[in-house]
Amino acid sequence: MLNERLSAAKIVAASLKDLEEALDDTLICAAALTSALPTARRTAKLSPVVGQEAIALSGEVLVALHQARAALVQAHAELADVRDTIG
């Protein structure tokens, strides 16, 4: 039974690590896009109103990703509690 628990724990830990890394990579990409949009607008010498909706939506994506990351961090803490409880 201990071997099964260790095997299950390793699968969960690897999956958690993969998701944490993927989420961080996604945050980095989303932040790059959010930064690139107004930079591109300025470079193209366009009015500040051009692309405003896209800039605002990219900001909403960032907020959602930050919320997802916070939930994942909380899940990580909960899984650590489970680990400590079952040994």
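Higher on the page you've got the structure.
Residues numbered from 1 in each chain as written. Predicted model: local features only at pLDDT ≥ 70, side-chain atom pairs only at ≥ 80, totals over all residues. Heavy atoms only, no water.

## Notes on the overall build of the protein chain
In terms of helices and strands, the protein chain carries two helices and zero strands. Since a compact globule built from 87 residues should have a radius of gyration of about 12 Å, the 20 Å found for the protein chain marks it as more spread out than a globular shape. Dimensions along the principal axes, computed over C-alpha positions, put the protein chain at roughly 65 × 15 × 10 Å. Burial status across the protein chain gives 14% buried among its 87 residues. Look at the contacts in the protein chain between residues 6 or more apart in sequence, and 78% of them connect residues 24 or more apart. Working note: accessible area of the protein chain is about 6500 Å², and carbon and sulfur atoms make up 66% of it. Measuring between centres, the 8 positive side-chain charges of the protein chain sit 9 Å from its 11 negative side-chain charges. (Helix = DSSP H or I, 4+ residues; strand = E, 2+ residues; numbered from the N terminus. Rg over C-alpha atoms; globule rule 2.2 N^0.38 Å. Buried < 20%, exposed > 50% of the residue type's maximum accessible area, 1.4 Å probe, protein only. Contact = heavy atoms within 4.5 Å. Areas by Shrake-Rupley, 256 points an atom, 1.4 Å probe, with all protein chains shown as cover. Lys, Arg positive; Asp, Glu negative; His and termini not counted. Charge placed at Lys NZ, Arg CZ, Asp CG, Glu CD.)

## Overview of a nonpolar patch on the surface
A grouping of Leu46, Val49 and Val50 is seen on the molecular surface, where their side chains present a nonpolar patch of about 260 Å² in accessible area. By the element assignment, Val49 lies in the loop between α1 (2-43) and α2 (52-86). For Val49, a relative accessible area of 65% gives the class exposed. (Patch = residues over 30% accessible without salt bridge, like charges linked within 9 Å, V, L, I, M, F, W, Y side chains within 5 Å. Salt bridge = Lys/Arg side-chain N within 4 Å of Asp/Glu carboxyl O.)

## Here we look at unusual backbone geometry
A negative phi angle is the norm for most residues apart from glycine, just as the trans form is the norm for most peptide bonds. Phi is positive for Lys45, which is not a glycine, with a value near 55°. Tracing the chain through its elements places Lys45 in the loop between α1 and α2.

## Overview of the nonpolar core
One broad trend across soluble globular proteins is that nonpolar side chains are buried collectively. Listed in full, the seven residues of the largest apolar core are Leu16, Leu23, Leu27, Ala30, Leu62, Leu65 and Leu72. Going through the elements one at a time, α1 and α2 are the ones with two or more residues in this core. When residues in this core are grouped by element, the largest group, four residues, is from α1. (Core = buried A, V, L, I, M, F, W, Y, C linked by side-chain atoms within 4.5 Å.)

## So, the pattern of salt bridges
Scanning the model with the defined rule gives three salt bridges in all. Residue Arg69 is joined to Asp24 by a salt bridge in which the shortest nitrogen-to-oxygen separation is 2.6 Å. With a gap of 45 residues between them, Arg69 in helix α2 and Asp24 in helix α1 connect regions that are remote in the sequence. Since its relative accessible area comes to 35%, Arg69 is described here as partly exposed.

## Thoughts on the side chain of Arg41
Structurally, the position occupied by Arg41 is in helix α1. Buried charge Arg41 goes without a salt bridge, the closest partner of opposite sign being Glu53 at 14 Å. In this structure, Arg41 is in contact with Leu46, Ser47, Pro48 and Val50, ignoring residues within four places of it in sequence.

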